[in-house]
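In case you want the letters, here they are:
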Amino acid sequence: MSNMVLGRYLPLDSKIHSMDPRAKIMCMLFLLIAIFIPAGYVGYAILLAIVFVVVLMSKIGLPYIFKAMKPMLFMMIFLFVINMLVIKRGNLLFELGWFSIYDEAIFQTLYIVIRLLLMISITTLLTATTKPLDLTLGIEDLLGPFQKIGLPSHIIAMMISIALRFIPTLIEETQRIMKAQASRGVDFEEGKFMEKIRSILSLIVPLFISAFQRAEDLAYAMEARGYAPENKRTRYKLLKLRAFDVVAMIFCALVIAGLVGVAILV
Amino acid sequence: MSITFKNLSHTYNEKTPFPSAALNNINLTIEEGTFTAIIGETGSGKSTLVQHLNALLLPTAGEVDVNGFVIKADEKIKNLKSLRRKVGLVFQFPEYQLFEETIESDVAFGPKNFGIEESIAKAKAREVLELVGLDESYLNRSPFDLSGGQKRRVAIAGILAFDPEILVLDEPTAGLDPQGAKEMMELFKKLHTDYGKTIIMVTHDMEHVLNYCDDVILLKNGEIAMKSDVKSFFKDDLTVHELDVQPPHIVDLKRRLTACGFAVDEEAFDLPSLVASLKGELQHE
Ligand SMILES: Nc1ncnc2c1ncn2[C@@H]1O[C@H](COP(=O)(O)OP(=O)(O)OP(=O)(O)O)[C@@H](O)[C@H]1O
Ligand SMILES: [Mg+2]
């Protein structure tokens, strides 16, 4: 489990890594919106080209992106099969008794697959090039304006950063408890239904207890150091937008405009 | 019957961009019926080593033979359960594995997993709880209402309940008060002498090594730096010095006495015999 790729930060040195997290989040949002503009194959070609160039710039490498895609492979195949069976429009390509394939089914599936591929690549690019803490700083700042309408942006950001911080800890803890119970003869893979339930209980109960214990300890530690969410806090790390960040954001906004243009023309 | 490691190596995250070697070409034999201590500084690979004994971790190279049960790199294990029943492994801070509503059923959980009938498992639970010093009044209490030390006893009872031939303990006294730690060690001694269990214990406490163990294995950076019987390990104060081990008080005291010019009996490993030998020498003068 510790070799999970999704959402993991890769400490490299690149132009993308050194971007302001706020700019990166905005760029990601723009590109995610762009994916849903129905600009046909031209639109997807443009987006794929952009993602390709950014991956190269970030130095994280295409294999890493493909690895991140792996967990989705099953879903893509599933979608493909469902579409084949359900969509019966367009030209008939192939027929065998009750079974038939139409070209529309293939197009629809390709659209979905390309969209998924783009979404995963773009989010992976963000998480692989941004430290979790920078990411939450960015989110906090971007949510800042909403404070006026009562949105506790600092609290939301703190919650996100604590959650991110504890994901690896919880994975480790899970492995530890699974090993301890395996030593007591628990078989997490096989067994009858009731045995399965018992074995899952033997994992979940200790996991919850230790998670609550950790939460309590952390809360006390934060309070002991004077943390109160409503207080004004200064920051150790100040975010600064640079020319490259601004250019990148304008570029991504233009991509949306461009794709809208293509969509109207087509 | 014995436990044998042959050219065993273990690398965590082997097939990823971040591999980390924890054990390197371990060759080792532990005889049946011994009480063996595994020592070494933090991160030296002690926990990694002992988790091979019941196949929680598999070697990435080499093999380990546990009383005839061979675990090899890249080979699927048959009959995993019978191995885990033979080797009872008590994790560091085992109290985190408790989950049942009552202490009795938590302790009986292990035996039931190994296919022992419910009523026999419960009887066994009673017996081992008695052994770890918790009487009948605890049977129907929740394990979560106990103190830390009591929880640890329940957790250890949960392993003893299925009667493993080999008992592996990873820092069983970590975080206990001195009295609780002593009682715990007395329990392991009893299991060793009265019940004939082979015991392998990871520890940082040299007093426990000296007072309870037969053999000692010193790990350093994932390799075996030394294996010998406890007495000669502490007699040879060069090794103790060079290998960076904090010696037990009595060994330290003997070294200071020797430095002051006393001829100290090499075989004296407890206060009474040390005093006796010193007395003899003083009377000579
Ligand atoms: N799950 C894991 N993934 C990656 N590396 C690990 C993992 N567990 C341990 N290691 C590494 O393997 C090495 C040996 O760890 P191990 O837990 O065996 O040490 P130890 O001797 O038991 O230390 P301690 O006295 O602190 O318990 C360490 O360098 C550690 O960082
Ligand atoms: Mg350890």
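Residues numbered from 1 in each chain as written. Chains lettered and ligands numbered in written order. Predicted model: local features only at pLDDT ≥ 70, side-chain atom pairs only at ≥ 80, totals over all residues. Heavy atoms only, no water.

Asks: Help me understand the packing of helix α1 (residues 21-35) of chain A against helix α4 (residues 103-129) of chain A in this model?
Replies: For any two helices packed against each other, one specifies the inter-axial angle together with the distance between the axes. Residues and elements named next belong to chain A. With their axes 10 Å apart at the nearest point, α1 and α4 run at an angle of 180 degrees to one another. Taken as axis vectors, α1 and α4 run roughly antiparallel relative to one another. For the pair formed by α1 and α4, the contact residues are Lys24, Ile25, Met28, Leu31, Leu32 and Ile35 on the first element and Arg115, Leu118, Met119, Ile122, Thr123, Leu126 and Thr129 on the second. (Axes fitted to C-alpha atoms, helices over the stretch in contact; angles between N-to-C directions. Helix = DSSP H or I, 4+ residues; strand = E, 2+ residues; numbered from the N terminus. Parallel < 35°, antiparallel > 145°, perpendicular 65-115°, else oblique. Contact = heavy atoms within 4.5 Å.)

Asks: Would you mind showing me how to read the layout of surface pockets here?
Replies: It is a probe the size of a water molecule, rolled over the atoms, that shows where empty space is left. Residues and elements named next belong to chain A. Here the second largest pocket is characterised by a volume of approximately 750 Å³. Looking at the second largest pocket, it is lined by 22 residues, and the ones nearest its centre are Leu137, Glu140, His154, Arg233 and Arg235. Those elements that provide at least two residues to the lining of the second largest pocket are α5 (132-143) and α6 (153-183). For the lining of the second largest pocket, the residue count by class is six nonpolar, eight polar and eight charged. Both domains that meet at the lining of the second largest pocket, namely domain 1 (1-152 + 238-266) and domain 2 (155-228), each give it at least three residues. (1 Å grid on protein atoms, 1.4 Å probe; cavity = no way out; pocket = protein on both sides within 12 Å on 5 of 7 lines; lining within 4 Å. Points joined across faces, edges and corners; volume = space filled by probe spheres on them. Nonpolar A, V, L, I, M, F, W, Y, C, P; charged D, E, K, R; others polar. Domains from an automatic or database assignment.)

Asks: Just checking my understanding: could you explain the site of ligand 1 for this structure?
Replies: Residues and elements named next belong to chain B. Neighbouring ligand 1 are 15 residues; Thr42, Gly43, Lys46, Ser47 and Thr48 lie closest to it. Here an oxygen atom of ligand 1 and a side-chain polar atom of Thr42 are 2.6 Å apart. Alone, ligand 1 offers 630 Å² of accessible surface; in the complex the protein occludes 63% of this. Among the elements of the structure, β2 (20-31) and α1 (46-50) are those that each provide at least two residues to the shell around ligand 1. In terms of residue class, the shell around ligand 1 is built from two nonpolar, 10 polar and three charged. (Near = heavy atom within 4 Å. Polar contact = N/O pair within 3.5 Å; in protein donor to acceptor, adjacent residues only side chain to side chain. Areas by Shrake-Rupley, 256 points an atom, 1.4 Å probe, with all protein chains shown as cover.)

Asks: Even after reading the chapter, I still don't get the interface of chain B and chain A, so can you show me in this structure?
Replies: In many analyses, interface size is given as the accessible surface area lost on bringing the parts together. Contacts between chain B and chain A engage 28 residues on the former and 22 residues on the latter. Here chain B packs against chain A, burying approximately 2,100 Å² in sum over the two surfaces, 59% of which is carbon and sulfur. Arg198 of chain A is the partner of Glu100 of chain B in a salt bridge, and the nearest nitrogen-oxygen pair spans 3.1 Å. The tally of links from chain B across to chain A stands at eight residue pairs in polar contact (both at pLDDT 80 or more). Taken together, the elements giving at least two residues each to the side of chain B that touches chain A come down to α2 (80-86), α3 (103-113) and α5 (148-160) of chain B. (Buried area = accessible area lost by both parts, 1.4 Å probe. Salt bridge = Lys/Arg side-chain N within 4 Å of Asp/Glu carboxyl O.)

Asks: For this particular structure, what's the right way to read the nonpolar core?
Replies: Nonpolar side chains in soluble globular proteins tend to end up buried together. Among the nonpolar cores identified, the biggest contains 59 residues, and Val107, Leu129, Phe188 and Phe234 of chain B are the most heavily contacted of them. Not counting residues up to four positions away in its chain, the partners in contact with Val107 of chain B are Ala125, Val128, Leu129, Val154, Ala157, Gly158 and Ala161 of chain B. Core analysis: the next-biggest nonpolar cluster, separate from the first, contains 41 residues, Leu47, Val51, Met69 and Val262 of chain A among them. (Core = buried A, V, L, I, M, F, W, Y, C linked by side-chain atoms within 4.5 Å. Buried < 20%, exposed > 50% of the residue type's maximum accessible area, 1.4 Å probe, protein only.)

Asks: Please explain the pairing of strand β8 (residues 198-202) of chain B as it appears in this structure.
Replies: Residues and elements named next belong to chain B. Counting buried residues along β8, five of its five residues qualify, which places the element largely inside the surrounding structure. Burial along β8 is two-sided: Thr198, Ile200 and Val202 and Ile199 and Met201, pointing in opposite directions, are all buried. Direction of pairing for strand β3 (residues 35-39) relative to β8: parallel, over a ladder of four bridges. Bridge assignment links Ala37 to a residue of β8, and that residue is Met201. Taken together, the five bridges between strand β7 (residues 166-170) and β8 define a ladder with parallel strand orientation. Its bridge partner being in β8, Leu169 is matched across the sheet by Met201. Taken together, β7, helix α6 (residues 178-193) and β8 constitute a β-α-β crossover, and its handedness is right-handed. (Pairing = 2+ DSSP bridges. Right-handed = clockwise from strand over helix to strand, strands pointing away.)

Note that every value here comes from positions in space, so none of it alone points to a role or purpose.
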